[in-house]
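For reference, the chains in residue letters:
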Amino acid sequence: MDWIDFAIIVAKGGILVNAMLIAAAYMVLAERKIAAWIQNRIGPNRVGPWGLFQSFADVFKLYLKEDVVPAAADYRFHALAPVISIAVAITVYAVIPWSDAVEIGGRMISLTMAPDMNVALLVILAMTSVGVYGVALAGWSSNNKYSLMGGLRSSAQMISYELSMGLSIIGVVMIAGSLNLVDIIRGQSAGAWNVFYQPIAFIIFLVTALAETNRAPFDLPEAEPELVGGYHTEYSGMKFGLLYLAEYANMLASSAIMATLFLGGWDIIPFLDDATILGLEPGSLPLVLLQHGAFVGKSLLLVFVFIWIRWSLPRFRYDQLMNLGWKILLPLSLANIAVTGTVMLLLNR
Amino acid sequence: MANVTTNIESERMTFWERIYLPEIARGLGLTLRQMFRPKFTRQYPEERWEPEGSYRGRPVLVQEEDGERCVACGLCSRVCPALAIEVRAAETDKEKERYPELFEINMLRCIYCGFCEEVCPEEAIVMSKDYELVFGSQDEGILGKEKLLIPVSQLQDRLEFLRQWR
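Residues numbered from 1 in each chain as written. Chains lettered and ligands numbered in written order. Predicted model: local features only at pLDDT ≥ 70, side-chain atom pairs only at ≥ 80, totals over all residues. Heavy atoms only, no water.

Draft legend 1. Spotlight on the overall build of chain B. Counting its secondary structure elements, chain B contains seven helices and seven strands. Listing each helix as α and each strand as β along chain B from the N terminus yields α-α-α-β-β-α-β-β-α-β-β-α-β-α. C-alpha atoms of chain B, sized along the principal axes, occupy 95 × 45 × 35 Å. Across the 166 residues of chain B, 32% fall into the buried class. (Helix = DSSP H or I, 4+ residues; strand = E, 2+ residues; numbered from the N terminus. Buried < 20%, exposed > 50% of the residue type's maximum accessible area, 1.4 Å probe, protein only.)

So this is what it looks like as C-alpha cells:
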C-alpha cells in the first residue's frame, strides 16, 4: 500500500463521516417536517429557506448548553456511553456498499471504506449488537431509575429482536451464497430483487430494524410518558446530541442495509440489467454514479418509511413487544429459512 | 357451561385483524393522505388573527373628542373580582361634573371577565381586541390612563356588539 491508497482511504473516511453527520442533521429536519405534514402543520420554516438550516441551529444550541453530569452518576461511563453509540453507528458505515467500484488511474475505487469484505454482513450484525452497550451504559451510569429502566428495556428488546433479524437475513444469504454485500447486490442486479423472493424476510427485517434502532412503535427505551426521556434523561448538551445523532445514523444504516439486502442495492431497474438498458459500459463512471444515486434514493425512501411509521403507529406495550418478538417473528423467520431451503433444494439451485 | 357466552378481543377479531398488518397499512394510508391536506398553521407575527367584536381582550377606556367618557363612579372598581382596577375621582367644569384623576388597571390581576364593562353605566370601559399583552416588569403591567384611553372610532365593533346583546 503506497501513500496514495492511504490518502484515498483517509479521504473516503472524511467524506463518509461528514456525509453521515449532514444526513443525520437533515433526517432530523425531515422527521420534524413529515411529522408536521402528517399533523396538518407546516413544521420548522424560520431558519433559512423552508427551515433548511434548522438542524444546524439546533446543533449550535446543543454546543452552547451546559453539560450537566448528575452527582451520583458514574461520570466515566456517563461520558463513554454516547461515544460507544456514535462509534458503533459510524463503524457500520464502513461496510455499507455505497457504490460499485470504478477504475480511476489504475486503481479500483468505491465509496465504501471496506469494499468486498467477505464477512460484511456479520460485521453489521455484530456492530448493531454492540450498539446496545451505548444505550444500556447510558441508562445504567446515569444512576436514575428512569434511565435504568430505559437501558434495561433496550437490552431486552435488542436480545429478542437480534435473533429474528439474523434469522431473516439467512434466507437472503442462502440465495446469494455469500456474506459479502457486493456479491449479494450482484446476485440481485441480474435477476429479481430479494424482496420478491423473500417478502416475509423483508417484513421481519423491517420490524426488527425498527426495534433495533429504538424507533416507534418500538421506542420503549425512551417512552416519554413512562420514563421521562428514557436512557438519555440525564444527558444534556452535546452528549445528548451524540445519542440523538447515533439514533438517526443507525436509522440511515438500517435503511441502507435493507436496500442492500432486499431492494437490490445499487441496481436501478429491477429484473433487467442496468448497463444494457441505459447503454452504458459496466463499471464506467456515469453508470456507477447513477447507481450510487439509486442506492442513496432507496435508502432515503426507507428512512421516509421509518419516519412515516413513527408518526402513524402508537407505541407497543412491553408484553406485546416480547410476544411479537418471541412468539411471532422468531417462528416466522425459522419457517422462512425452512421454506427457502426446501424450495431451493427442489429447484436444485 | 353450555350457555356461557364469551366476548374476548382475540376471539372477536378475524384472522386479518389479528395479524395487524392490513390495519397498519390502513393507518399508514391515512397518515399519508393527511400529508397532502391543507395546513392549519397561521404564520403568527406575519399573519395576525383579527378577533370578532365578541372578543374580550384588554379592557380600555373609551375616548371621545373632548376626553374620556368615564365619570369615575367607581362601579368597575367595585365589581372587579380580581381587584385590578383603581379609580380616583376629581371634579371638572364639564357637564358630567366628575372625571377620573387616576385610572389604573393592573393587567397582571385582570382576568378578562368583562364585569367592568357590564356594570359601566356610561359605556366608558369596554373590552378591546388587544390580545398581545407583554410586560417587561411587574410595574409595566399596571396601565395608567395614557395607555387605557382609546379613541371611540377604534372600538366600534365592540360597542355595536354590546348594543346588540344588551
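Draft legend 2. Region of interest: helix α13 (residues 318–347) of chain A. Residue and element names in this part refer to chain A. For α13, with 30 residues, the first-to-last C-alpha span of 42 Å sits near the 44 Å given by 1.5 Å per residue. Every buried residue of α13 is accounted for by Leu321, Met322, Leu324, Gly325, Leu329, Leu330, Ser333, Asn336, Ile337, Thr340 and Met344. Its buried side turned inward, α13 meets α5 (145–176) and α8 (199–212). Just downstream of α13 lies Asn348, where phi reads positive at about 60 degrees. (Expected span 1.5 Å × (residues − 1). Contact = heavy atoms within 4.5 Å.)

Draft legend 3. Region of interest: the interface of chain A and chain B. The interface is formed by 15 residues belonging to chain A together with 17 residues belonging to chain B. Residue Arg46 of chain A is joined to Glu46 of chain B by a salt bridge in which the shortest nitrogen-to-oxygen separation is 3.1 Å. Summed over the shared surface of chain A and chain B, the result is nine residue pairs in polar contact (both at pLDDT 80 or more). Among the residues forming the side of chain A that touches chain B, the class breakdown is ten nonpolar, three polar and two charged. (Salt bridge = Lys/Arg side-chain N within 4 Å of Asp/Glu carboxyl O. Polar contact = N/O pair within 3.5 Å; in protein donor to acceptor, adjacent residues only side chain to side chain. Nonpolar A, V, L, I, M, F, W, Y, C, P; charged D, E, K, R; others polar.)

Draft legend 4. View of the state of the cysteines. Residues and elements named next belong to chain B. Taken as a whole and judged by the stated rule, the model has zero disulfides over all chains. The thiol sulfur of Cys73 is not disulfide-bonded, and the nearest other cysteine sulfur, from Cys120, lies at 6.0 Å. Distance from the sulfur of Cys80, which forms no disulfide, to the nearest cysteine sulfur (Cys113) is 6.1 Å. Given a relative accessible area of 11%, Cys80 falls into the buried group. (Disulfide = S-S within 2.5 Å.)

Draft legend 5. Examining the packing of aromatic side chains more closely. Residue and element names in this part refer to chain A. One pass over the full model with this rule turns up 13 aromatic pairs over all chains. For the ring pair Trp98 and Phe295, a centre distance of 5.6 Å and an interplane angle of 85 degrees mean the geometry is edge-to-face. You can see Trp98 sitting in the loop between α3 (75–95) and β1 (102–104) and its partner Phe295 sitting in helix α12 (residues 285–310), a full 197 residues away along the chain. Taken as a pair, Trp98 and Phe295 share a single burial class, namely buried. Judged by centre distance (5.6 Å) and plane angle (25 degrees), the rings of Phe304 and Trp308 are stacked. One end of the pair is Phe304 and the other is Trp308, both in helix α12 and four residues apart, which spans about a single turn. A residue is classified by how much of its surface remains accessible, and Phe304, at 22% relative accessible area, is partly exposed. Owing to a relative accessible area of 16%, Trp308 belongs among the buried residues under this scheme. One aromatic cluster is present, formed by Tyr93, Trp98 and Phe295 through successive ring pairs. (Phe/Tyr/Trp six-rings, centres within 6.5 Å; stacked < 30°, edge-to-face > 60°.)

Draft legend 6. Looking closely at the sheet that holds strand β4 (residues 98–106) of chain B. Residues and elements named next belong to chain B. The strand order across the open sheet built from three strands is β3-β4-β6, with neighbouring strands paired in antiparallel fashion. The strands lining the two open edges of the sheet, one partner per strand, are β3 (85–91) and β6 (142–143). Here two bridges tie β4 to β6, and the two strands are oriented antiparallel to one another. For Ile105, the partnering residue across the bridge sits in β6 and is Leu143. (Pairing = 2+ DSSP bridges.)

Draft legend 7. Up close: the nonpolar core. Grouped together as the largest cluster of nonpolar side chains are 69 residues, with contacts concentrated most on Tyr161, Phe205, Phe218, Met258, Leu261 and Phe262 of chain A. For Met258 of chain A, the contacting residues outside a window of four places in its chain are Phe202, Phe205, Leu206, Ala209, Leu263, Leu302 and Phe306 of chain A. Ranked by size, the runner-up nonpolar core spans 19 residues in total, among them Cys76, Cys80, Ile85 and Ile125 of chain B. (Core = buried A, V, L, I, M, F, W, Y, C linked by side-chain atoms within 4.5 Å.)

Draft legend 8. Region of interest: the pairing of β4 of chain B. All names here are of chain B. Looking at chain direction, β3 and β4 are connected through seven bridges and run antiparallel. Bridging from a neighbouring strand, Arg88 pairs with Leu102 of β4. Between the antiparallel neighbours β3 and β4 lie six residues, among them Glu97 with a positive phi of about 70 degrees.

Draft legend 9. Local environment of the packing of α12 of chain A against helix α3 (residues 21–35) of chain B. Running from N to C, α12 of chain A and α3 of chain B cross one another at 100 degrees; their axes reach a closest spacing of 10 Å. Between α12 of chain A and α3 of chain B, the interaxial angle falls into the category roughly perpendicular. Between α12 of chain A and α3 of chain B, the contacting residues are Phe304, Trp308 and Ile309 of chain A on the first element and Leu28, Gly29, Thr31, Leu32 and Met35 of chain B on the second. Of the residues assigned to the contact of α12 of chain A with α3 of chain B, the class counts are six nonpolar, two polar and no charged. (Axes fitted to C-alpha atoms, helices over the stretch in contact; angles between N-to-C directions. Parallel < 35°, antiparallel > 145°, perpendicular 65-115°, else oblique.)

Draft legend 10. Broad picture of the packing of helix α1 (residues 3–38) of chain A against helix α2 (residues 54–64) of chain A. Residues and elements named next belong to chain A. Where α1 contacts α2, the two axes come as close as 8 Å, and the packing angle between them is 115 degrees. Here α1 lies roughly perpendicular to α2, going by the angle between them. Handedness of the crossing formed by α1 with α2: right-handed. Residues Ala25, Tyr26, Val28, Leu29 and Arg32 of α1 pack against Gln54, Ser55, Phe56 and Asp58 of α2. In terms of residue class, the contact of α1 with α2 is built from five nonpolar, two polar and two charged. (Left-handed = near helix turned anticlockwise from the far one by under 90°.)

Draft legend 11. Structural view of the environment of Asp267 of chain A. Summarising the element assignment, Asp267 of chain A is placed in the loop between α10 (237–261) and α11 (274–278). Asp267 of chain A sits in the buried class, given a relative accessible area of 0%.

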